[in-house]
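Chain and residue survey
Spelled out, the chains give:
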Amino acid sequence: MTLLHDGSVVYAEGLWDHVTMDDQELGFKAGDVIEVVDATNKEWWWGRIMDSEGWFPASFVRLRVNQDEPMDEYLAHLEEAQAGEEDRASLGLLLGPGLPCKEQMRTNVINEIMSTERDYIKHLKDICEGYIKQCRKRTDMFTEEQLRTIFGNIEEIYRFQRKFLKGLEQKFNKEQPHLSEIGCCFLEHQTDFQIYSEYCNNHPNACIQLSKLMKVNKYVFFFEACRLLQKMIDISLDGFLLTPVQKICKYPLQLAELLKYTNPQHRDYKDVEAALNAMKNVARLINERKRRLENIDKIAQWQSSIEDFEGEDVLSRSSELIFSGELTKLSLPQAKSQQRMFFLFDHQMVYCKKDLLRRDMLYYKGRIDMDHMEVIDLEDGKEKDFNISVKNALKLRSLTGDEVHLLCAKKPEQKERWLRAFTDERRQVQQDRETGFTLTEVQKKQAMLNACKSHPAGKPKGMHQSIYRRVTWGSISCPRILCRLEMGAARD
């Protein structure tokens, strides 16, 4: 690292939390500023935060675009400098001749965005032409399915990113980069960035498949030959394949820094501000989809633990457990009172009966199609359809009118929680429709296959409670895709 060699103080910014219990390692949170003391090892650097020093993974940080930024003296001047000539002159002493400080900072950020975008395009080109193109020639070594698993939709990403870079180049002001107006480029393509969701969701499978192949020498030699033939930098294939995951997470960081050095009067300010929110939303959507896909295994396991389960798999229509709990159920025409455990998924609600002796075992009793139901909040008192007095009750009635269920909770707060859950279910369905979220047949089949492996024939069931607790009840921990973004609170 040349900055370290010339004696300058070099700062890096944490991209993701680095949690460690090793006293030789330096722990930090995303956004923390680390003084880099030693970067001779390309994978582990030695750094300092306040009075703490230690090793940390280089891949968890990025060098700050504006290395002068942490200087106390510079920060003090930055706060005071608005338009006065004396302030601008004093800042010039710190930053050298040229543009006023904030404009120079904006120039630095713009240049970094353009530079990293061009580098990224080269990475994608190298993967597509250096690896995928060569792999397709070796039908004796790779099936098309294997290549799809390893590389995902990276060719689609490459085509999109070339178009995106072309738009950036058109808005880039080469003579005066600080005047560039690139915010609109992100806004124009904000929906296109959602193609990263498929890639990020597939990435764990890619790592597994690649790991299997790399245990065989001929694949190790083949991939290395591809790298050398393409004259690619000395990074393993799995390192190249991580790049798109890191890239989609980096955009909000870059835009946040660009906004920081963009004057509110700048013509690009509103677009950059909107672009930052848009790219945060893209990352949130990708994270949410990843979380949903990681939960479908738990839903499949839950279903396999239910005795006498009938009909289509839950995953055939649903991918999210919204809420669950015990309710008293009455259904026409019998109107017989029954205690049941209800599990509300998107599109449907499954209800089960508890075993009298083994309370951890459930028996399937039926399901309700929520797409054709209306939820009615009932006041305490006489209910006309069932001709009985009710308390803490709500009613599910078919939109065609031929199916009615009366559900009663033990306490008013439980009823209110169920009413919120039904609202959440409709909101989830609408959101999935708008964003185009669906499960593939391969994902559904794999989840059910995994569940069957975890419940071999003859093995006692009754595992639904532990699985269920991991799926919902507000304890969802949202797995991130290495993104420095707050995902918001989990469901109640």
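Per an unreviewed UniProt entry, the protein goes by the name Rho guanine nucleotide exchange factor 4 and belongs to Astatotilapia calliptera. Heading Subcellular location (unreviewed entry) of the UniProt record for the protein holds this comment: "Cytoplasm".

Right, let's get into the side chain of T116. Here T116 lies in helix α4 (residues 101-137). Among the polar contacts made by the side chain of T116, one reaches the main-chain carbonyl oxygen of I113 at a distance of 3.1 Å. Beyond its immediate chain neighbours, meaning those up to four positions away, T116 contacts K247, K250 and Q254.

The next thing to look at is the sheet that holds strand β8 (residues 348-354). Reading across from one edge, β9-β8-β7-β6-β14-β13-β10 is the order of the seven strands in this open sheet, with antiparallel pairing throughout. The open sheet is flanked by β9 (362-369) and β10 (373-377), the only strands paired with a single partner. Pairwise comparison of adjacent strand axes, ignoring direction, gives a mean angle of 35 degrees for this sheet. The pairing of strand β6 (residues 321-331) with strand β14 (residues 404-408) spans four bridges and is classified as antiparallel.

On to the pattern of salt bridges. Taken as a whole and assessed by the stated rule, the structure comprises 32 salt bridges. Each of E13, R62, E112, K250 and E257 takes part in a single network of salt bridges with overlapping partners.

Ranked by internal contacts, the top residues of the largest apolar core, which has 59 residues, are F151, F186, F193 and I248. Elements represented by at least two residues in this core include exactly α4, α5 (144-151), α6 (154-171), α7 (183-188), α8 (195-213), α9 (217-229), α10 (237-260) and α11 (269-305). Among the elements that line this core, the one with the most residues is α4, at 13 residues. Ignoring sequence-local partners within four residues, the contact set of F151 consists of I127, Y131, I132, C135, Y199, L237 and L241. A300, L362, F437 and M448 belong to the second largest nonpolar core, which has 21 residues in total.

For the pair α10 and α11, the least separation of the axes is 9 Å and the interaxial angle reads 155 degrees. Viewed along their axes, α10 and α11 adopt a mutual orientation that is roughly antiparallel. Read as a crossing pair, α10 and α11 show a hand that is left-handed. The residues of α11 that touch α10, namely those facing I248, Y251, P252, L255, A256, L258 and L259, are Y269, V272, E273, A275, L276, M279, K280, V282 and I286. Residues belonging to the contact of α10 with α11 are distributed by class as follows: 14 nonpolar, no polar and two charged.

The rules we used
- Residues numbered from 1 in each chain as written.
- Predicted model: local features only at pLDDT ≥ 70, side-chain atom pairs only at ≥ 80, totals over all residues.
- Heavy atoms only, no water.
- UniProt positions renumbered as here; feature names shortened; annotations may be inferred.
- Helix = DSSP H or I, 4+ residues; strand = E, 2+ residues; numbered from the N terminus.
- Polar contact = N/O pair within 3.5 Å; in protein donor to acceptor, adjacent residues only side chain to side chain.
- Contact = heavy atoms within 4.5 Å.
- Pairing = 2+ DSSP bridges.
- Axes fitted to C-alpha atoms, helices over the stretch in contact; angles between N-to-C directions.
- Salt bridge = Lys/Arg side-chain N within 4 Å of Asp/Glu carboxyl O.
- Core = buried A, V, L, I, M, F, W, Y, C linked by side-chain atoms within 4.5 Å.
- Buried < 20%, exposed > 50% of the residue type's maximum accessible area, 1.4 Å probe, protein only.
- Parallel < 35°, antiparallel > 145°, perpendicular 65-115°, else oblique.
- Left-handed = near helix turned anticlockwise from the far one by under 90°.
- Nonpolar A, V, L, I, M, F, W, Y, C, P; charged D, E, K, R; others polar.

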